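Architecture and fold: a report
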Amino acid sequence: MGGEIVNLMPDSSHNASALVVVALACGSLVSSIVAITRRTALATSLSMLAASFCLAGLYAALAWHFLGAIQIMLWGGALLAFFVFNVISLNRDDTEPVALRGIVTRTVSLLAAFLTLFLVVRLVLVAPWPDAASTQAADEGTGSTAVLGRTMFGELGVPVELLACGLLLAVVGALSLTRVASAEKD
Amino acid sequence: MPLIFFAVIAAALYAVGLVSMILRRNALYVIVGVLLQSAATGLLFAAFAHFFSRPQGAAMAMIVIALGSLHAAVGFAAFTGLHKQHSAPNLDDSRLLKG
């Protein structure tokens, strides 16, 4: 498996599998671009749902099926439900979609962002990364839930517990934010 | 499919999220930008974990996915609060987090 994309369709050729991966990648990119360019929040949320499914497919293609399931459960389940709930209760068109105030600062920021992207892509293109043939063969069972679980609750136990604390703090923070807003409104 | 393919896809996703964060003034699209950036980071972690046979990368990808949902939960709470204050949640006029 090392360095090779897992064949999503066992009976088909490797080219068909690569075609599916390219389609998933293009789908995630197009969906994300649609998500940030639509004026209605409902279209944005549905595009993010599509991007989430494409990303889950990419995780599955990388043999991390559990990550794909987590992606769909978190984004497609909880997050998008909350998203659509907000959209249904608060939906309205964006009256001024693109920020024109502080245009100089935003232009400089945008140029800096693209410069960063250019440098990253250039680094990606010139870096002597190992190709598929030279990568080490993966251990038997890599990509399984057991391996992921051993890693998460073994050597990465502290970050995972910190993340759990962060999630708890996020719930408390979200509740306090909505309460502050309600109090200010009253 | 080489590693570079996933790296370029992740970089492009990250750039789309960055553009959304910089150009859009509606809080909802800033949250979407953060989500896209975290998704790009998770994809890159998973790709490196696959190509270098290191499950630590996949665990980090899972942490990044959870962190993205954490950002979104707090962001949507702030968005809802902003919407109660203003009809259009414009971040330039926001005072929600001011002490």
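Fair warning: this is a prediction, and the values are worked out from it, not measured in the lab. (Residues numbered from 1 in each chain as written. Chains lettered and ligands numbered in written order. Predicted model: local features only at pLDDT ≥ 70, side-chain atom pairs only at ≥ 80, totals over all residues.)

**Quick word on the overall build of chain A**
Looking only at helices and strands, one finds six helices and zero strands in chain A. With 186 residues in all, chain A has 23% of them scored as buried. The contacts in chain A between residues at least 6 apart in sequence include a share of 53% that link residues at least 24 apart. (Helix = DSSP H or I, 4+ residues; strand = E, 2+ residues; numbered from the N terminus. Buried ≥ 20, exposed ≤ 12 C-beta atoms within 10 Å, placed from the backbone. Contact = placed C-beta atoms within 7 Å.)

**Here we look at the overall build of chain B**
Helices and strands together make up the secondary structure of chain B, namely three helices and zero strands. Put simply, chain B runs from its N terminus to its C terminus through helices and strands in the order α-α-α. Relative to its 99 residues, chain B shows a buried fraction of 64%. Across chain B, the fraction of contacts at a sequence separation of at least 24, relative to all contacts at a separation of at least 6, is 48%.

**Comments concerning helix 2 (residues 41–61) of chain A**
Residues and elements named next belong to chain A. Between its terminal C-alpha atoms helix 2 stretches 30 Å, which fits the 30 Å expected from 21 residues at 1.5 Å a residue. Where burial is concerned, most of helix 2 is hidden: 15 out of the 21 residues are buried. Downstream of helix 2 by one or two residues, Ala-63 has phi in the positive range, about 75°. (Expected span 1.5 Å × (residues − 1).)

**A few points about the packing of helix 2 of chain A against helix 2 (residues 27–51) of chain B**
Where helix 2 of chain A contacts helix 2 of chain B, the two axes come as close as 11 Å, and the packing angle between them is 5°. Judged by the inter-axis angle, helix 2 of chain A sits roughly parallel to helix 2 of chain B. Contacts between helix 2 of chain A and helix 2 of chain B involve Ala41(A), Thr44(A), Met48(A), Leu55(A), Leu58(A) and Tyr59(A) on the former and, on the latter, Leu28(B), Val32(B), Leu35(B), Ala39(B), Leu43(B) and Ala46(B). Looking at the contact of helix 2 of chain A with helix 2 of chain B residue by residue, the classes come out as eleven nonpolar, one polar and no charged. (Axes fitted to C-alpha atoms, helices over the stretch in contact; angles between N-to-C directions. Parallel < 35°, antiparallel > 145°, perpendicular 65-115°, else oblique. Nonpolar A, V, L, I, M, F, W, Y, C, P; charged D, E, K, R; others polar.)

**A word on the packing of helix 1 (residues 3–23) of chain B against helix 2 of chain B**
Residue and element names in this part refer to chain B. Interhelical geometry of helix 1 versus helix 2 gives an angle of 165° and a closest axis separation of 7 Å. The pairing of helix 1 with helix 2 is recorded here as roughly antiparallel in orientation. Crossing of helix 1 over helix 2 shows left-handed handedness. Residue composition of the contact of helix 1 with helix 2, grouped by class: 21 nonpolar, four polar and no charged. (Left-handed = near helix turned anticlockwise from the far one by under 90°.)

**A short note on the confidence of the model for chain A**
On average, chain A scores 74 in pLDDT, and the residues at 70 or more come to 66%. Predicted confidence for residues 133–138 of chain A stays below pLDDT 50, and this span has twelve contacts to residues more than four positions away or in other chains. (pLDDT = per-residue confidence, 0-100.)

**Quick look at unusual backbone geometry**
Backbone geometry places Ala63(A), a non-glycine residue, at a positive phi of 75°. Mapped onto the elements, Ala63(A) comes out in the loop between helix 2 and helix 3 (65–90). On the basis of neighbour counts, which here come to 21 C-beta atoms within 10 Å, the residue Ala63(A) falls in the buried class. Backbone geometry places Ser53(B), a non-glycine residue, at a positive phi of 55°. Looking at where Ser53(B) falls in the secondary structure, it is placed in the loop between helix 2 and helix 3 (55–85). Taking the C-beta count within 10 Å as the criterion, Ser53(B) has 17 such neighbours and is therefore assigned partly exposed.

**Observations regarding helix 5 (residues 145–152) of chain A**
Of the positions making up helix 5 of chain A, those classed as buried are Leu148(A), Thr151(A) and Met152(A). The buried residues of helix 5 of chain A occupy an angular sector of 95° when the element is viewed end-on, so they sit on one face. (Arc of directions from axis to C-beta.)

**Brief notes about the environment of Gln37(B)**
All names here are of chain B. You can see Gln-37 is positioned in helix 2. With 22 C-beta atoms packed within 10 Å, Gln-37 lands in the buried category. Considered as a pair, Gln-37 and Ala-10 are 27 residues apart in the sequence and their alpha carbons are 8.5 Å apart. Dropping the residues within four chain positions of it, Gln-37 is found in contact with Tyr-14, Gly-17 and Leu-18.

**Observations concerning the nonpolar core**
Leu58(A), Leu43(B), Ala46(B), Ala47(B) and Ala61(B) are the most contacted members of the largest nonpolar core, which has 66 residues in total. Residue assignment for this core shows that the elements contributing at least two residues are helix 1 (14–37), helix 2, helix 3 and helix 5 of chain A together with helix 1, helix 2 and helix 3 of chain B. The element that contributes the greatest number of residues to this core is helix 2 of chain B, accounting for 18 residues. Inspection of this core shows a minimum of three residues originating in each of domain 1 (1–93) and domain 2 (144–186) of chain A. Look past the residues within four positions of Ala47(B) in its chain and what remains in contact with it is Leu62(A), Leu3(B), Phe6(B) and Ala7(B). (Core = buried A, V, L, I, M, F, W, Y, C linked by C-beta atoms within 7 Å. Domains from an automatic or database assignment.)

**Comments concerning the environment of Leu18(B)**
Residue position: Leu18(B) is located in helix 1. Residue classification places Leu18(B) among the buried positions, given that 22 C-beta atoms sit within 10 Å. Along the chain, Leu18(B) and Gly68(B) lie 50 residues apart, while their C-alpha atoms are 15 Å from each other. Setting aside residues up to four positions removed in sequence, Leu18(B) forms contacts with Ala113(A), Gly33(B) and Gln37(B).

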